[in-house]
There are 2 protein chains.
Amino acid sequence: MSRERALIEQLRALATHPAARELRDDAAVLVVGDRQLVLTHDLLVEGVHYLPGDPAADVAWKLVAVNLSDLAAKAATPLGVLLGFPLGDAAWDRAFVTGLGAALAAFGVPLLGGDTVAGRGARTLGLTAIGEARSAPARSGAQRGDLLYVTGSIGLAGLGLAVARGATDGPSDALAAYRRPRPRLAEGQALGSRAHAMMDVSDGLLIDAARMAEASGLACTIALDRVPIPPGMDPLAAVTAGDDYELLVAAPAGLTLSQPDLARLTPIGRFAAGAGLSLTHGGTPVPLPARLGYEHGAV
Amino acid sequence: MSRERALIEQLRALATHPAARELRDDAAVLVVGDRQLVLTHDLLVEGVHYLPGDPAADVAWKLVAVNLSDLAAKAATPLGVLLGFPLGDAAWDRAFVTGLGAALAAFGVPLLGGDTVAGRGARTLGLTAIGEARSAPARSGAQRGDLLYVTGSIGLAGLGLAVARGATDGPSDALAAYRRPRPRLAEGQALGSRAHAMMDVSDGLLIDAARMAEASGLACTIALDRVPIPPGMDPLAAVTAGDDYELLVAAPAGLTLSQPDLARLTPIGRFAAGAGLSLTHGGTPVPLPARLGYEHGAV
C-alpha cells in the first residue's frame with residue numbers, strides 16, 4: 001500500500017458521515033433542509049498538476065475547471081467557489097486572478113471567499129466549489145446490463161500535454177483542451193436524473209472506468225473502437241491520457257442528450273456481473289495496457 | 001498599497017455576489033432555499049502561521065479551530081469540512097490526521113472530502129468549513145451607541161507563542177491556548193440573533209476591533225482596563241497578540257450569556273459616530289500602539 005493510500009485510509013476512518021460517500025466519489029453530497037449540496041476541494045501543485053511554464057491565467061482556468069468538473073459529475077449547478085492562494089511573483093499572481101475572473105465568468109460562478117497567504121516554494125493552489133443538485137448520481141451506482149457512455153471525445157488533452165512539453169506538434173485545439181478544459185456542467189445536469197452512476201474523466205478513461213466498475217461491484221468491458229478520439233491518435237494513448245474532464249455515465253441502453261448545444265454522448269462499453277476492466281477492438285479482446293492512467297491523490 | 005492588498009482588491013472585483021460580503025467578513029453567507037450557509041476557507045503555512053517544530057497533531061487542531069472560529073463568528077453550526085493536504089514526511093502526516101480526528105471529534109464536525117497531493121517545500125494546509133446559521137451577523141453591523149463585548153479572555157495565546165518559541169516561561173495553559181484554541185461555537189450561536197456585528201479575534205483584539213469599527217463606519221473606544229487578560233500580563237501586549245479566537249460582538253448594553261457552560265462576556269468598549277480606534281485606561285486616553293496586531297492575508 002502506497003504512503004498516500006495509507007493516509008487516505010486513515011482519513012477515510014474519519015469520514016463516516018454519509019455526505020462524505022466514504023471519500024470514494026468525486027464530491028461530497030450534503031443534505032441541508034430539502035436541498036442537496038455538492039462540495040468539492042481540489043488542489044493543483046506546480047510541477048505535479050501543471051507545468052511551471054504554463055501561463056498563470058491558464059492555471060487559474062484549470063483550477064476552476066477541475067473543481068467544476070467534479071460538480072458536473074454529480075449533476076450539480078455551481079453556486080460559488082472559495083480560493084486558497086499562496087502569493088508569489090506579483091505579475092504571475094495578477095495574471096492568475098485575471099484568468100480566474102475569465103473562468104468564473106465563462107461558467108457563471110461567483111467567487112465567494114477564501115484566503116491568501118505568503119507562499120513558499122512550489123505553489124499549491126486550492127479551490128473549493130459548492131453546487132446544488134436535484135439528484136447527485138454516485139460513481140458506485142452502475143447496474144448489471146447498463147451501458148457505459150462518455151461525453152465528447154477522449155485524448156485531445158493528452159495530445160495538448162505533449163505539445164505543452166514541446167515533445168510534439170499537435171492539432172491547434174489540443175493545447176486549449178489541456179490548458180482550458182470545459183467542465184460538462186450542462187451535460188451533467190441534463191443526465192443527472194437518468195444516470196445510474198456518473199463521474200468525470202480526470203486521470204484517464206480506463207482508470208476512471210475501472211474505478212466506476214470497482215465502486216459498483218461490477219465488471220466493465222470497453223469497446224476501444226467505439227471511443228471517440230482525435231483523428232490519427234493511437235486509441236490506447238487516448239484512453240490512458242488524463243485531463244479530459246468528460247463525463248462517464250452508466251445507464252440503460254437508449255440514453256441520449258437531445259439538446260443540440262450539448263456534447264454528443266457515445267456508448268462505449270457495458271457493465272456485467274464480475275469484476276475488473278476488459279477491452280475489445282472490433283469485437284476481439286485486447287490486452288489491458290500496463291498503465292491505465294494517472295494516479296493523482298484524491299481524498 | 002502592499003502587493004497582497006493589491007491582489008485582494010483584484011479578487012474583490014470578482015466577488016460581486018452578495019454572499020461574498022465583498023470579501024470583508026469572516027466568511028461567505030450563501031442563501032440556499034430557506035437556509036443560510038456559512039462558508040470559509042483558511043490556509044495555514046509552515047513558518048508563517050505555525051512553527052516548523054509545532055507538533056503535527058496541534059497543527060491539525062489549529063487548522064480546524066481557525067476555520068470553525070470563522071463559523072462561530074457568523075453564529076453558524078458546523079456541518080462539515082473539506083481538507084486540502086500536501087503529503088510530506090510520513091510520520092508527520094499520520095500524526096496530523098490523528099490530530100485532525102481529535103479536533104473534529106471535539107467539535108462534532110464530520111470530514112466530508114478534500115484532496116491530498118504530493119507536497120513540495122513548506123507546507124500549505126487548507127481547510128474549508130461549511131456551516132448553517134439562522135442569522136449570520138456581519139462584521140459591519142455595529143450601530144452608534146452599541147457596546148463592544150468580548151468572550152473569554154485575551155492574550156493567553158500570545159504568551160503561548162512566546163513559550164513555543166522558547167522565549168519565556170508562561171502559565172501552563174498558555175501553550176495549549178496557542179496550539180489548541182477552542183472556537184467559540186456555542187457562544188456564537190447563542191449570540192447570533194442579538195449581535196448587531198460579530199467577528200472573531202484572530203490577528204489581535206485592537207486590529208480586529210478597528211476592522212469592525214471601519215466596516216461599520218463608526219469610531220470605537222476600548223477601555224484597556226476592562227479587557228480580561230491573564231494575571232500579570234502587560235495589557236498592551238495582550239490586546240495586540242493574535243490567535244485568541246475569542247468573539248467580538250457589537251450589541252446594545254445589557255447583552256449577556258446566561259448559560260453556565262458558556263464563556264463569560266465582557267463589555268470592553270463603545271461605538272460612536274466618527275472613525276478610528278481609541279484607547280482609555282481608567283478613563284484616561286492612552287496612545288494607540290504602533291502595531292495593532294498581525295496582518296495575515298485573508299481574502
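Everything numeric in this text was worked out from a predicted model, so none of it was measured.

A. The arrangement of the sheet that holds strand β7 (residues 197–200) of chain B in detail. Residues and elements named next belong to chain B. Ordered in space as β7-β9-β6-β10-β8-β11-β12, the seven strands form an open sheet in which the pairing is mixed. On the outer flanks of this sheet lie β7 and β12 (284–286), each paired with one strand and no other. Here the strands of the sheet are splayed against their neighbours by 30° on average, with no regard to which way each runs. The pairing of β7 with strand β9 (residues 247–251) spans four bridges and is antiparallel. Residue pairing in the sheet places A197 in a bridge with A250 of β9. Against the sheet, helix α2 (residues 56–73) makes contact with β7 and β9, and its axis sits at roughly 170° relative to β7, the strand it touches most.

B. Geometry of the pairing of strand β2 (residues 35–45) of chain A. All names here are of chain A. The buried fraction of β2 amounts to 10 of the 11 residues, a majority that puts the element mostly inside the structure. Bridging between strand β1 (residues 28–32) and β2 involves five bridges; their strand directions are antiparallel. Bridge pairing links V29 to V38 in β2. Once β1 ends, the chain turns through two residues before running back antiparallel as β2, passing G33 with a positive phi of about 60°. Relative to strand β5 (residues 124–133), β2 is paired through 10 bridges, and the arrangement is antiparallel. The partner of Q36 across the bridge, within β5, is A133.

C. Looking closely at the sheet that holds strand β5 (residues 124–133) of chain B. Residues and elements named next belong to chain B. A sheet is described by the order of its strands in space; here five strands give the open sequence β1-β2-β5-β3-β4, paired in mixed fashion. This sheet does not close on itself; its edge strands, each paired only once, are β1 (28–32) and β4 (111–118). The average angle at which neighbouring strand axes cross in this sheet is 20°, direction not considered. Seen against the sheet, helix α3 (residues 90–107) touches β3 (77–87), β4 and β5 and runs at an angle of roughly 175° to β3.

D. Looking closely at the pattern of salt bridges. All chains considered together, the criterion is met by 34 salt bridges over all chains. Here E187 of chain B and R184 of chain B are joined by a salt bridge, their closest N and O atoms 3.8 Å apart. Residue classification places E187 of chain B among the buried residues on the basis of a relative accessible area of 5%. Taken together, the salt bridges that share partners define one network made up of R21, D25, D26, K74 and R139 of chain A.

E. Here's a closer look at unusual backbone geometry. All names here are of chain A. Of note, R21 is a non-glycine position whose phi angle comes to about 45°, a positive value. Positionally, R21 belongs in the loop between α1 (3–12) and β1. Notably, A75 is not glycine yet its phi reads approximately 60°, a positive angle. Structurally, A75 is set in the loop between α2 (56–73) and β3 (77–87). Judged by its relative accessible area of 9%, A75 falls in the buried class.

F. Here's a closer look at the side chain of D203 of chain B. All names here are of chain B. Here D203 is to be found in the loop between β7 and α7 (205–216). Taking relative accessible area as the criterion, D203 reaches 7% and is therefore assigned buried. In terms of polar contacts, D203 uses its side chain to reach the side chain of R211, at 2.8 Å.

G. Geometry of the environment of L161 of chain B. Residues and elements named next belong to chain B. The topology assignment puts L161 in helix α4 (residues 156–164). Spatially, the C-alpha atom of L161 lies 27 Å from that of D261, the residues being 100 residues apart in sequence. When near neighbours in sequence (up to four residues on either side) are disregarded, L161 contacts L51, Y178 and Y294.

H. Fine view of the relation of the copies chain A and chain B. Under the fitted operation, chain A is carried onto chain B by 0.0 Å of movement along the axis and a turn of 180°, and the coordinates agree to an RMSD of 0.0 Å. Taken together, the turn and the small shift mark the pair as related by a two-fold rotation axis. Ranked by how close their C-alpha atoms come to the rotation axis, the residues of chain A are headed by G121 of chain A, at 2.6 Å. Residue by residue, 100% of the interface of chain A is reproduced at the interface of chain B, so both copies engage with the same surface.

I. Inspection of the interface of chain A and chain B at higher detail. At the interface, 60 residues of chain A touch 60 residues of chain B. Between chain A and chain B lies a buried interface of about 5,200 Å² when both sides are counted; carbon and sulfur atoms form 70% of it. Of all residues in chain A, H41, L112 and R120 of chain A bury the most surface against chain B, accounting for 12% of the area lost on that side. The tally of links from chain A across to chain B stands at zero salt bridges. Summed over the shared surface of chain A and chain B, the result is nine residue pairs in polar contact (both at pLDDT 80 or more). Elements with a contribution of two residues or more to the side of chain A that touches chain B: α1, β1, β2, β3, α3 (90–107), β4 (111–118) and β5 of chain A.

J. Layout of the environment of G254 of chain B. Residue and element names in this part refer to chain B. Among the structural elements, G254 can be located in the loop between β9 and β10 (265–272). On the accessibility criterion, G254 (63% relative accessible area) is exposed. For the pair G254 and M233, spaced 21 residues apart in sequence, the C-alpha separation works out to 28 Å.

The rules we used
Residues numbered from 1 in each chain as written. Chains lettered and ligands numbered in written order. Predicted model: local features only at pLDDT ≥ 70, side-chain atom pairs only at ≥ 80, totals over all residues. Heavy atoms only, no water. Pairing = 2+ DSSP bridges. Helix = DSSP H or I, 4+ residues; strand = E, 2+ residues; numbered from the N terminus. Axes fitted to C-alpha atoms, helices over the stretch in contact; angles between N-to-C directions. Contact = heavy atoms within 4.5 Å. Buried < 20%, exposed > 50% of the residue type's maximum accessible area, 1.4 Å probe, protein only. Salt bridge = Lys/Arg side-chain N within 4 Å of Asp/Glu carboxyl O. Polar contact = N/O pair within 3.5 Å; in protein donor to acceptor, adjacent residues only side chain to side chain. Least-squares fit on C-alpha atoms with pLDDT ≥ 70 in both. Buried area = accessible area lost by both parts, 1.4 Å probe.

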